[in-house]
Amino acid sequence: MCPLCVANAALLAASATSGGGVTAVVVNRFWKRKRKNQTNEKQMKRAEMEMPKVVSAQKWEAARKALLVKEKALSHARDALAAERRRMPWLAVEKEYEFDGPKGKVSLLDLFDGRRQLIVYRAFYDPDVKGWPEHACIGCSMLADQVAHPAHLNARDTTLVFTSRAPQKEIKRLKGRMGWELIPWYTLTDDFDKDFGVDEWHGTNAFIREGDRVFRTYFINERGDEQMGNTWNYLDITALGRQEKWEDSPKGYLQTPPYEWWIWHDEDAA
Amino acid sequence: MTKQHKTGTRAEWLAARMDLLKAEKELTRRSDELAQRRQELPWVPIDKEYRFETDEQKACSA
């Protein structure tokens, strides 16, 4: 859930209980920040924007090359962090979970759709969230808009799904209206959200399976979720990574040369 | 292929994730800092005219 949606849910809760307490604090903090932002916008309009220097193409190229060193260092730091994620211990999932899907009840194992890895994003779409039933939480909707064609994750034996509390009937309508038909989207029915740290806030959990045994391998939320949506960053939070030869992965991991697993999304990947 | 991967208890898993969370936040901040540097790059005026075609009519770069 994003700050906007939290404020709305808190308002609903506050009006229902008339108490306030923690929820009121959240609302106040949110509105203070919003007012501050509005003031900043006004100030920016009044003051002239401070312009960077205007230079020749050669000078610009030199400045860009200097920054390129930092760009590469950041890419390498990102790769190194992904390598550490791959060395996380795996946590066995011992409980059974049930989801509602377009074809009825399914288990966590079913969400893998036969693939080796599963990524589960928790979106907020239910009657307590601002925009219901026309819209899901605005931040979750923004993220759904980033999601790449699933064929590419599928080509690395990985399935991405969204989950929320809304019934399938509403989810189907939402997906159609927003153009999210390609995102498999399931309804939470039990403690899955609580058990995986996504009962109050959005987050992305990564799982792997060994046969029928499911393991939780990683979890990303808050600003980590900003990077989600593209195939590379999704693979970088999984236990197996991009599964490419150059990667620093634990010994024995299946790796193929980069580029060679790429497909056109209208090819039959299976 | 990954059968020997180590598994952990809930507490061990959480401890490992909290350790990594520090590195995650550091990377986010580093990425923000680089974005700031990009904003501070000088600008180059574009003095040449470029033309692009759309399916309806010719469009120019500005």
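Heads up: the structure comes first, above all this text.
The model shown is predicted, which means the values in this text are computed figures rather than measured ones. (Residues numbered from 1 in each chain as written. Chains lettered and ligands numbered in written order. Predicted model: local features only at pLDDT ≥ 70, side-chain atom pairs only at ≥ 80, totals over all residues. Heavy atoms only, no water.)

Visitor: What exactly am I supposed to notice about the overall build of chain B here?
Guide: Each helix and strand counted, chain B has 1 helix and 3 strands in total. If you list the helices and strands of chain B from N to C, you get β-α-β-β. When each of the 62 residues of chain B is scored for burial, the buried share is 19%. Summed over its atoms, the accessible surface of chain B is roughly 5200 Å², and 51% of this surface lies on carbon and sulfur atoms. (Helix = DSSP H or I, 4+ residues; strand = E, 2+ residues; numbered from the N terminus. Buried < 20%, exposed > 50% of the residue type's maximum accessible area, 1.4 Å probe, protein only. Areas by Shrake-Rupley, 256 points an atom, 1.4 Å probe, with all protein chains shown as cover.)

Visitor: I keep staring at the side chain of Asn233(A) and nothing clicks. Help me out?
Guide: Residue and element names in this part refer to chain A. Inspection of the secondary structure puts Asn 233 in helix α9 (residues 231–236). Since its relative accessible area comes to 13%, Asn 233 is described here as buried. Those residues in contact with Asn 233 that sit more than four places away from it in its chain are Arg 78, Gln 227 and Met 228. (Contact = heavy atoms within 4.5 Å.)

Visitor: I would appreciate a short explanation of the interface of chain A and chain B in the present structure.
Guide: Frequently, the measure chosen for interface size is the accessible area that the parts lose on association. Taken together, the contact pairs 41 residues of chain A with 31 residues of chain B. When chain A packs against chain B, the two sides together hide about 3600 Å² of surface, and 66% of this comes from carbon and sulfur. Broken down residue by residue, the surface that chain A buries against chain B is led by Leu74(A), Pro89(A) and Leu91(A), which jointly contribute 16%. The tally of links from chain A across to chain B stands at 3 salt bridges. We note a salt bridge from Arg85(A) to Glu24(B), for which the minimum N-O separation is 2.8 Å. Viewed at the interface, chain B and chain A are joined by 17 residue pairs in polar contact (both at pLDDT 80 or more). When contributions to the side of chain A that touches chain B are tallied by element, the ones reaching two or more residues are α3 (57–85), β1 (90–92) and β8 (213–221) of chain A. Looking at which element gives the most residues to the side of chain A that touches chain B, the answer is α3(A), with 14 residues. (Buried area = accessible area lost by both parts, 1.4 Å probe. Salt bridge = Lys/Arg side-chain N within 4 Å of Asp/Glu carboxyl O. Polar contact = N/O pair within 3.5 Å; in protein donor to acceptor, adjacent residues only side chain to side chain.)

Visitor: Looking at this model, I keep getting lost on the environment of Leu67(A). Mind explaining?
Guide: With respect to the element layout, Leu67(A) can be found in helix α3. Leu67(A) gets classed as buried once you look at its relative accessible area, which sits at 9%. Here the alpha-carbon distance between Leu67(A) and Lys251(A), two residues 184 residues apart in the chain, equals 34 Å. If we ignore the near neighbours within four places in the chain, the residues touching Leu67(A) are Leu34(B), Arg37(B), Arg38(B) and Leu41(B).

Visitor: Help me out: how do you make sense of the nonpolar core in this one?
Guide: Most often, soluble globular proteins have nonpolar side chains that are buried together. If you look at the biggest cluster of nonpolar residues, it comprises 47 residues, and the most contacted ones within it are Cys137(A), Phe162(A) and Tyr234(A). Sort the elements by how many residues they give to this core and helix α1 (residues 10–40) of chain B lands first, with 5 residues. With residues near it in sequence (within four places) discarded, Tyr234(A) still touches Ile119(A), Leu143(A), Val147(A), Leu153(A), Leu160(A), Phe162(A), Thr204(A), Met228(A) and Gly229(A). Counting residues in hydrophobic clusters, the runner-up holds 16 residues, among them Tyr97(A), Leu118(A), Val161(A) and Phe192(A). (Core = buried A, V, L, I, M, F, W, Y, C linked by side-chain atoms within 4.5 Å.)

Visitor: Would you take a moment to explain helix α5 (residues 138–146) of chain A for this structure?
Guide: At 3.6 residues per turn, the α-helix brings residues three or four places apart onto the same side. All names here are of chain A. For α5, the full list of buried residues reads Cys 140, Ser 141, Leu 143 and Ala 144. For α5, the angular spread of the buried residues around the axis is 160 degrees, confining them to a single face. Looking at α5, the residues exposed on the side facing more than 90 degrees away from the buried face are Ile 138 and Met 142. Against the buried residues of α5 lie β4 (117–122), β5 (158–164) and α9. (Arc of directions from axis to C-beta.)

Visitor: I keep staring at the pairing of strand β6 (residues 185–188) of chain A and nothing clicks. Help me out?
Guide: Regular strands place their side chains on alternate faces of the sheet. All names here are of chain A. As judged from the 2 bridges shared by strand β2 (residues 98–101) and β6, these two strands associate in the antiparallel manner. Counted as the bridge partner of Asp 100 is Thr 187 from β6. Sheet topology places β5 next to β6; 3 bridges connect them, and they run parallel. Within β6, the position partnered with Thr 163 by the bridge is Tyr 186. Once you follow β5 into helix α7 (residues 168–178) and on to β6, the crossover reads as right-handed. (Pairing = 2+ DSSP bridges. Right-handed = clockwise from strand over helix to strand, strands pointing away.)

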